[in-house]
Every structure is written in structure tokens, then in C-alpha cells.
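Residue-level structural notes
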Amino acid sequence: MSYPQYEKPYETKLKVGDKTITLKIGKFSEQTAAAVLASCGETVVHTTVALGNEVDWGYFPLHVEYIEKLYAGGIIKGSRWVKREGRPSDDAILKARIIDRSIRPLFPEGIKNQVQVVSTVFSYDQENDADMLALLASCVALSISPIPFAGPVAGLRVGYHQTDDRFVINPANGEREQSDLDLIVSGSEDSIVMVEAGANEASEELMVKALAEAQQELAQVCQQVAKVVKAVGKEKIELVTEPAADEAQALATLKKQLQTKYGQQIRQSVEKKAQLQDFDLDQLIEQIVTELDLAEEPTENKAGYQATAKDVKNLIKELQKQTARDMILKEGVRPDGRKPDEIRPIWCETDVFPRTHGSAMFKRGATQAVTITTLASPSLGQHIEDLEGEEVRHYMHHYYMPPYASGEAGRFGWPKRREVGHGALAERALLPMIPDQEEFPYTIRVVSEIMSSNGSTSQASVCGSTLSLMTAGVPIKKPVAGIAMGLMTDGQDKNIVLADIQGLEDHVGDMDFKVAGSEDGITALQMDIKVKGLSLEILKQALAKAHQGRMHILKKMLKCITEPRQQISEYAPKIAQVTIPVDKIGEVIGPGGKMIKGLIEQTGAEIDIDEDEERNLGIVNITSPDQAKIDHAAQLIKDMTREVAVGDQFEGTVTRVENYGAFVEFLPGREGLVHVSAMSTDYVDKAQDQVKLGDQVAVRIKEIKDDGKIGLTMLTQAEEQAQQERSQRGGSGRGRGGRNSRGSNKRRSSRHSKRGQRNTNQRGGRQKSGRSKRKFNSYLTKD
């Protein structure tokens with residue numbers, strides 16, 4: 001399909017919060033339905049909208065892609081062999097889902113043409129978020145495109161600083177790190193379409209204020225977008241074909257007939273489905289087709305349109321949806337018989353499996369999740385490489401929903417986007433409660449396996465994960481529970497909020513509002529709707545009822561396990577963490593890794609070292625199933641990095657012996673020289689006369705030189721003082737004590753005679769003597 005082109009690129013600026021966003025339209029991708037180049041600071045995102053062919057997949061074929069390539073951040077992939085970017089990261093998938101959920105409800109029902117929205121990050125300045133630019137650019141591109149779309153809409157992020165009670169619109173990265181709230185909201189000038197949030201136990205009142213702040217800002221942004229649409233918007237085209245008059249009349253008559261004659265059976269099918277009981281819908285359709293004498297396929301008929309079996313099937317589905325909604329809106333009864341605020345029966349269990357580090361089962365109605373916790377060394381954290389560089393994550397949550405969870409047979413493979421999204425939501429809900437690495441130095445992987453699905457499996461994963469983590473002995477700060485709220489609205493003045501929605505209510509309802517948190521506040525929130533938008537009043541009501549439901553679920557969970565266990569599983573690795581000065585990291589590692597390899601070999605423990613730049617410390621993690629090995633390695637590392645002082649005493653090992661003295665390792669990897677004059681109060685001619693390699697000797701630090709070399713002594717302080725007194729009374733003056741006897745003079749004369757003979761030898765001998773002397777002097781301490 002070809003589209004009218006702009007004579008010249010159109011450029012405008014939008015004000016969002018305190019930031020200015022520049023939009024350029026018509027500069028790139030002229031063959032698309034619309035293309036927008038959005039920039040803020042030096043972050044640039046290009047968004048395109050393309051209209052494809054018509055397909056009949058039974059649902060709206062919308063495809064949303066968010067593409068991050070490392071060149072945008074000036075980075076080349078770290079892999080030695082593969083430099084091309086691979087499959088989208090989980091973060092990229094989540095950002096694409098945010099855009100998808102923001103725009104999907106705003107397309108007219110019945111579109112069968114494929115619509116593809118692609119946002120590509122071309123430049124990233126480390127400050128301004130590319131995902132918010134992509135969200136806004138997608139909304140603008142669809143609004144100006146010829147594709148039917150209920151715009152203008154926009155999206156933005158809201159942060160909150162508790163210290164000065166201040167909201168921030170589209171906060172920079174530095175501000176986000178200090179924020180107690182990360183809220184993304186999409187909406188029109190007067191209603192909210194999509195919500196995604198992570199928070200540090202935000203109250204319901206604060207969340208309502210944040211949503212109100214977002215709605216106020218969205219209103220003025222949408223007004224600016226409307227001006228862009230007026231300036232460069234293309235005329236909308238018709239993609240949904242209305243049925244001919246005779247067909248519409250025939251279908252309306254048939255629908256009324258089905259409602260009158262088979263209404264009770266249709267209601268029965270809804271109630272059975274809500275209770276997961278069998279109901280042969282195909283048999284009912286076959287009965288209707290037979291009794292009404294309808295054809296299987298359309299036939300030409302001059303009398304007008306004749307309904308078919310396919311029409312009956314479609315109309316039965318419509319009537320099932322209408323029946324379920326009427327039961328709630330008109331009768332106040334839910335299809336499974338519950339009241340609007342009633343929660344299904346809950347069953348919890350811990351220690352489901354014997355060898356896992358922690359396991360739990362959470363069941364609510366027919367929704368059941370089994371969650372397993374695995375603990376490992378910090379070295380097994382997940383390394384992430386993205387536009388911001390590299391980071392390591394030590395807590396992760398993965399969600400899997402196999403086909404059998406809904407009673408179906410299907411293929412297994414890589415997790416779909418829905419599974420990635422559900423896992424991320426559960427991870428976000430528990431993240432504020434996970435202890436930091438200083439308190440609990442483990443990599444934590446939580447996996448939720450959905451055993452049965454009938455609504456809100458992501459929130460069952462949140463509840464199961466809390467139980468599993470506490471069972472594993474992870475000292476989470478507080479337990480977290482989650483609940484999914486629903487909504488039925490007549491589009492006018494009647495709105496009914498439903499607690500703990502099941503699958504049928506999610507399918508026929510107008511909202512899926514998931515809220516997770518502790519008893520003190522919200523930690524995660526997600527809202528998707530099927531109507532054009534919701535008012536703040538409805539969201540406020542949903543948050544209040546979600547709080548009541550969350551407290552009820554928490555009480556049930558805490559009856560199963562009240563607090564984290566004090567001990568981790570006997571099958572989990574034991575880990576100790578030792579902090580060392582940054583300048584000591586090299587000493588622990590040693591040249592070519594010699595020292596750390598020796599420690600690993602000596603102790604049998606796994607040892608990893610990281611640098612904590614924020615605290616300017618080295619973090620040494622020691623892992624082993626054997627606590628004794630951990631304690632041994634920890635003590636060795638503490639000894640290696642210990643600050644020593646003159647007078648400190650040690651038990652050391654002789655590692656090298658020379659004529660002039662012996663080298664003693666008094667701490668792991670740290671040596672000093674014991675000069676022959678410091679070995680005994682008596683005269684010592686050669687160190688070999690006093691010690692040999694491998695001897696254990698008691699030593700005391702005598703001197704620490706400016707270059708770090710250490711002089712040791714084997715004498716006690718009393719012996720050293722007596723030696724000095726003898727020297728002052730007229731000893732030899734060489735500090736060896738007791739050498740003014742005749743025998744000593746003879747021995748010294750003999751040595752001088754031999755030295756004189758050596759001095760008459762070849763130059764090589766003199767050079768050897770000179771090297772020995774320099775070596776001696778380099779370790780010589782003051783006498």
C-alpha cells in the first residue's frame with residue numbers, strides 16, 4: 001500500500017515534565033504508514049508503523065517490537081566470536097509489551113490486517129530513557145497514520161522522592177535510582193489505559209496521587225499530540241467491513257432467537273465453564289443447527305442472507321460473554337457463585353520436594369503454582385550486557401506455564417513473551433524484600449511452575465515465591481502476596497470491581513488489575529484494560545479492594561510458615577563473605593592468579609573476588625558445602641590482608657634460608673627476613689646453623705620499611721634488650737653479641753683470610769659476591 005508523502009520533514013517539540021522531546025516526521029522510512037524520529041537529550045528512537053495483509057487468526061494481529069542494538073551506547077558485544085546482536089533480551093521484550101498493552105485496546109474491534117509497530121534505539125545517552133521515547137513515538141505514529149486508532153494517547157514514567165514528597169515526570173537515570181516508585185502510565189486526555197509499576201512499599205494513597213499526577217501530565221501531552229495530528233495526520237482508512245443490511249438483520253434475528261429459546265442452556269454452559277466442569281458446547285451448536293435447519297456453509301439465496309452453522313457458533317460465544325456480564329452487572333452474582341469481593345479457597349504447602357533448597361505450593365481455586373528456590377555462589381549471577389554496559393543480577397525469577405496447565409496438549413520451547421512478562425512481574429514484586437549481598441551473599445533463582453491455570457497465575461507465583469524463599473532460609477524483609485482484580489462496566493454509571501478473578505472473568509471482563517505487596521505497601525502493580533480508558537475513581541476503588549484481598553491472602557500464607565527459616569537447606573552451598581581493602585585485591589589474587597589458586601587448592605573452597613566501587617571495598621565470596629573449609633579460607637584471607645605493626649607476634653614457616661638470614665612466611669603470602677643477628681643471643685655464623693626449610697618459628701615484627709619490606713626477629717624483647725646492652729658495653733660492634741673472645745677473633749680472621757683468597761679469583765666470583773651483598777642489603781634491617 002502506498003501513502004501520501006510529506007513535501008518536507010516536519011519537526012516539532014513536545015514538553016513532557018521538565019524535558020523537551022523533539023519529533024521529526026517524514027525524515028526516514030517513507031514507505032511506511034507512519035514514521036517518527038523522537039529524541040530527548042542525546043537519546044534517539046525511530047518508530048515505524050506498517051500495515052500488512054489481511055489474515056484470519058481469530059484475534060487482532062498486532063506485532064510490537066522494541067530493538068536495542070549496542071551501537072546506540074557505543075558498545076561492541078563482549079563475546080569473542082559473536083559480535084551480532086542475538087534474540088531480544090528479556091528487558092527488550094518487557095519494553096515491547098509496555099507499548100503493546102498501551103495501544104492494543106485503542107484499535108477498533110474486527111481488524112484483521114496485520115499491524116506492526118517497531119521502535120529502534122539509535123542513540124542512548126545514559127540519562128534519558130529510550131523506552132519512554134519509544135512509547136510516546138508509537139502513540140504519535142499511530143495517531144498520524146491512516147490506520148484506525150482511538151488517539152491521541154501518550155505514555156510517561158513517574159518517579160517519587162519521599163524525602164521531599166515530590167513526583168518527577170520521566171526522571172533521568174540518576175533520579176530513578178533514588179526514587180521510591182517506578183510507575184509507567186499510558187492514557188488519553190481524560191482516562192488511563194495501561195499501568196505498570198514497581199515500588200518500595202508504596203501506600204494505596206500515594207499510588208492514587210501518582211496516577212493523578214500522571215493523568216494530569218498526560219492530558220497536556222495529548223493536547224500537544226493532537227496538534228501534531230492536525231498538522232501532519234493522514235486520513236484514516238476503513239479496515240473493518242460492516243455486514244450488509246440483510247446480513248445484519250438476519251444475524252440480529254438469529255441472536256434473539258437463540259437467546260429466547262436456548263438462553264438457559266447458554267447460562268448453564270457459562271456456569272459449568274466457571275467451575276471447570278464439562279459442557280458439550282459442540283453438541284448444543286449441532287442441536288441448534290438441526291432444529292433451525294441451517295446450512296453448514298453460506299449459499300446464494302435471492303431471498304436474502306441465510307444464517308449458517310458458523311454464525312451460530314459465533315453468536316453462541318457472544319451470548320456466553322453477554323450472559324456472564326449480565327450475571328455480574330444485573331444480578332450481582334459471579335458465574336462461579338461467588339460474591340464480588342469473595343476470594344477462592346486457598347491451600348499452601350512448603351517442602352514439596354526433598355532435595356531442592358526451598359519449595360512451596362500455592363493454590364487458589366483451580367490456579368496452582370509450585371515454586372522452587374535455588375541458592376548458589378555469587379559468581380553464578382546473571383551477567384547482563386545492554387546499552388548501559390554490563391551488570392550482574394543476583395536475584396531472578398523465571399515463570400513457566402506448560403500446555404497441560406490449562407488441560408491442553410501443545411509444544412514446548414523457549415518461553416513466550418507472556419511467560420517472560422509474568423516472571424518479571426513476580427520478580428519485581430519481591431525485589432524490594434530480597435536481602436542485599438552483604439547480608440545474604442547468594443545468587444537466588446526462583447522458578448514458578450504453573451500446575452493449573454484458571455486466572456492470575458502471576459500472582460500465584462508471587463505468593464508461592466514468598467513461601468519458597470522463606471522455606472529456603474532467605475531472610476526476606478517481609479512476606480509478599482498478590483491478587484488480581486477485575487472490572488465489569490456498562491460503560492455508563494455501573495462499575496463492579498471483582499476480587500480474585502478467574503479465567504472466564506478475565507476473558508469477558510474489562511480490566512485485569514494485578515496488585516502485589518506486603519502488609520505495609522505495594523511493591524508491584526500492573527493494569528491492562530479492554531475498554532478505551534478508566535477513571536481515577538475506579539482505580540482508587542480497585543486499589544482499596546485489592547488491599548483487603550491481599551491482607552486476607554497473607555494471613556492464609558503465614559499459617560503455613562510464619563518467618564524465614566534460620567538455617568538454609570543442608571543441600572545448599574554455604575557461603576561466607578569477607579571484605580578487604582581495594583588495594584589488597586591484588587595481593588589476594590597474586591601474579592597470574594598464583595595466590596588465589598593456591599588458596600583454592602589448599603582449602604578446597606571456591607573463592608571469588610569482586611570490587612564494590614560504591615563502598616571502595618573488595619568483596620571475597622567463599623563457597624563450599626563444608627563449613628570448616630569456608631572458615632579456613634576466610635581466616636587465610638583475613639590473615640593475608642591484615643594490617644600489621646611493629647611488635648606483632650606470629651608463628652611462621654621458614655620458606656628460604658640464606659647465609660645471612662632466613663625468610664619466614666608469618667601470614668599467608670607475606671614474608672619477612674630474620675637476619676642472623678636476630679636469631680639468637682649467641683653468635684650465629686650462618687642461618688643454616690639455626691633453622692632449616694619448613695621449620696615453624698615464633699617471630700616478631702621488628703621493622704616495616706618504607707618500601708613495605710618487613711624485618712623479623714626470633715628474639716624476645718628481653719633478649720633483644722640484653723643483646724643491645726652487651727653491644728653498648730664494648731661488644732664487637734656488629735650486633736652479634738659475645739664475639740670479643742679469642743675464639744671469635746680467630747674465627748673472624750679465618751673468614752677474612754678466605755674472603756681475601758676469593759677476592760684474588762676471577763671477576764665472576766667478585767660479581768657473585770657483589771650480587772649476594774646487594775641482595776643482603778635489600779632485606780637488611782637496622783641493627
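Residues numbered from 1 in each chain as written. Predicted model: local features only at pLDDT ≥ 70, side-chain atom pairs only at ≥ 80, totals over all residues. Heavy atoms only, no water.

A word on the overall build of the chain
- From N to C terminus, the chain includes 17 helices and 29 strands.
- A compact globule built from 783 residues should have a C-alpha radius of gyration of about 28 Å, whereas the chain, at 38 Å, is more than 25% larger.
- Taken over the C-alpha atoms alone, the chain extends approximately 145 × 65 × 50 Å along its principal axes.
- A buried classification covers 49% of the 783 residues belonging to the chain. (Helix = DSSP H or I, 4+ residues; strand = E, 2+ residues; numbered from the N terminus. Rg over C-alpha atoms; globule rule 2.2 N^0.38 Å. Buried < 20%, exposed > 50% of the residue type's maximum accessible area, 1.4 Å probe, protein only.)

Here's the deal with the side chain of Thr 713
- With respect to the helices and strands, the residue Thr 713 is situated in strand β29 (residues 710–713).
- The exposure class of Thr 713 is buried, given its relative accessible area of 1%.
- Polar contacts involving the side chain of Thr 713 include one to the main-chain carbonyl oxygen of Ala 678, which spans 3.4 Å.
- Within the local environment of Thr 713, its side chain forms a polar contact with the backbone nitrogen of Leu 715, the two atoms lying 3.0 Å apart. (Polar contact = N/O pair within 3.5 Å; in protein donor to acceptor, adjacent residues only side chain to side chain.)

Looking at the nonpolar core
- Formed by 136 residues in total, the largest nonpolar core has its most connected members in Ile 103, Phe 107, Leu 183 and Ile 444.
- Not counting residues within four places of it along the chain, the set of residues in contact with Leu 183 comprises Leu 156, Arg 157, Val 158, Val 195, Glu 196, Ala 197, Met 207, Ala 210 and Leu 211.
- Counting residues in hydrophobic clusters, the runner-up holds 19 residues, among them Val 664, Val 684, Val 691 and Leu 712. (Core = buried A, V, L, I, M, F, W, Y, C linked by side-chain atoms within 4.5 Å. Contact = heavy atoms within 4.5 Å.)

With respect to the sheet that holds strand β23 (residues 606–612)
- In spatial order, the strands read β22-β24-β23; together these 3 strands make up an open sheet with antiparallel pairing. Two strands bound the open sheet, and with one partner strand each, they are β22 (574–581) and β23. If you compare each strand with its neighbour and ignore which way they point, the axes differ by 20° on average.
- Bridge count for β23 against strand β24 (residues 617–624) is 7 bridges, and the pairing is antiparallel. Along β24, the bridge assignment pairs Glu 611 with Gly 618. (Pairing = 2+ DSSP bridges. Axes fitted to C-alpha atoms, helices over the stretch in contact; angles between N-to-C directions.)

Here's the deal with the environment of Met 207
- Within the fold, Met 207 resides in helix α4 (residues 204–232).
- Sequence-wise, Met 207 and Val 447 are 240 residues apart; in three dimensions their C-alpha atoms are separated by 29 Å.
- Setting aside residues up to four positions removed in sequence, Met 207 forms contacts with Leu 181, Leu 183, Ala 199, Ala 202, Ile 522, Leu 525 and Leu 543.

As for the pairing of strand β28 (residues 696–704)
- Pairing between strand β25 (residues 649–658) and β28: 5 bridges, direction antiparallel. Within β28, the position partnered with Thr 653 by the bridge is Gln 696.
- Judged from the 4 bridges that link them, β28 and β29 form a sheet pairing that is antiparallel. Residue pairing for β29: Ile 701 is matched across the bridge by Leu 712.
- Between β28 and β29, which pair antiparallel in sequence order, lie 5 residues; one of them, Gly 708, sits at a positive phi of approximately 95°.

Some words on helix α8 (residues 417–430)
- If you check α8, its first and last C-alpha atoms are 20 Å apart, about what 14 residues at 1.5 Å a residue would give, namely 20 Å.
- Counting buried positions along α8 yields 10 of 14 residues, so the element is predominantly enclosed.
- The set of residues buried in α8 consists of Glu 419, Val 420, Gly 421, His 422, Gly 423, Leu 425, Ala 426, Glu 427, Ala 429 and Leu 430.
- In this fold, the buried residues of α8 make contact with α1 (90–103), β10 (192–202), β16 (395–400), α9 (457–472), β20 (511–518) and β21 (521–529). (Expected span 1.5 Å × (residues − 1).)

Description of the pattern of salt bridges
- All told, the structure shown has 43 salt bridges when counted by the stated rule.
- Measuring nitrogen to oxygen at the nearest pair gives 2.8 Å for the salt bridge that ties Asp 129 to Arg 157. Of the two residues, Asp 129 sits in the loop between β6 (113–123) and α2 (130–144) while Arg 157 sits in strand β7 (residues 154–161), which places them 28 residues apart along the sequence. Assigned by exposure class, Asp 129 and Arg 157 land together as buried.
- Asp 164 is the partner of Arg 166 in a salt bridge, and the nearest nitrogen-oxygen pair spans 2.9 Å.
- Classification of Asp 164 by relative accessible area gives partly exposed; the value is 41%.
- If you follow the salt bridges from partner to partner, you end up with Arg 101, Asp 129, Asp 131, Arg 157, Arg 176, Asp 182, Glu 196, Arg 428 and Asp 528 in one network. (Salt bridge = Lys/Arg side-chain N within 4 Å of Asp/Glu carboxyl O.)

Description of the packing of α9 against helix α11 (residues 536–558)
- Close contact between α9 and α11 brings their axes to 11 Å; oriented N to C, the two are set at 30°. One finds that α9 runs roughly parallel with respect to α11. As α9 packs across α11, the resulting crossing turns out to be right-handed. Contacts between α9 and α11 pair Cys 463, Thr 466, Leu 467 and Met 470 from the former with Ile 553, Met 557 and Leu 558 from the latter.
- Split by residue class, the contact of α9 with α11 holds 6 nonpolar, 1 polar and no charged. (Parallel < 35°, antiparallel > 145°, perpendicular 65-115°, else oblique. Left-handed = near helix turned anticlockwise from the far one by under 90°. Nonpolar A, V, L, I, M, F, W, Y, C, P; charged D, E, K, R; others polar.)

With respect to the pairing of strand β4 (residues 43–54)
- Sheet analysis places strand β3 (residues 34–40) next to β4, joined by 7 bridges and oriented antiparallel. The residue bridging Ala 34 from the neighbouring strand is Val 49, located in β4.
- Linking two consecutive strands that pair antiparallel, namely β3 and β4, is a turn of 2 residues; a positive phi of about 65° is found at Gly 41 within it.
- Of the strand pairs in this sheet, β4 and β6 are connected by 9 bridges, and their pairing is antiparallel. Each bridged residue has a counterpart across the sheet, and for Thr 47 the counterpart in β6 is Ser 119.

Considering the confidence of the model for the chain
- With 92% of its residues at a pLDDT of at least 70, the chain reaches an overall mean of 88.
- Counting contacts from residues 732–783, a segment whose pLDDT is below 50, to residues more than four positions away or on other chains yields 48 contacts. (pLDDT = per-residue confidence, 0-100.)

A short note on a negative patch on the surface
- Where like charges cluster on the molecular surface, the negative patch consists of Glu 127, Glu 177, Glu 388, Glu 611, Glu 613 and Glu 614.
- Note on placement: Glu 177 falls in helix α3 (residues 173–177). (Patch = residues over 30% accessible without salt bridge, like charges linked within 9 Å, V, L, I, M, F, W, Y side chains within 5 Å. Areas by Shrake-Rupley, 256 points an atom, 1.4 Å probe, with all protein chains shown as cover. Lys, Arg positive; Asp, Glu negative; His and termini not counted. Charge placed at Lys NZ, Arg CZ, Asp CG, Glu CD.)

Quick word on the sheet that holds strand β9 (residues 181–187)
- Strand order in the open sheet made by the 8 strands is β8-β7-β9-β10-β21-β20-β18-β19, with antiparallel pairing throughout. For this open sheet the edge positions go to β8 (166–169) and β19 (495–499), each flanked by a neighbour on one side alone. Neighbour-to-neighbour, the strand axes of this sheet turn through a mean angle of 20°, independent of strand direction.
- Of the strand pairs in this sheet, β20 and β21 are connected by 8 bridges, and their pairing is antiparallel. Bridge assignment links Asp 512 to a residue of β21, and that residue is Asp 528.
- The strands touched by α11 within the sheet are β10, β18 (481–489), β19, β20 and β21, with β20 carrying the most contacts at an inclination of about 50°.

A short note on unusual backbone geometry
- Following Gly 151, the chain continues to Pro 152 via a peptide bond in cis, the omega torsion being 0°.
- In this structure, Pro 152 sits in the loop between α2 and β7.
- Positive phi, normally seen in glycine, also occurs at Leu 276, with a value near 55°.
- Tracing the backbone through its elements, the reader meets Leu 276 in the loop between α5 (245–274) and α6 (281–292).

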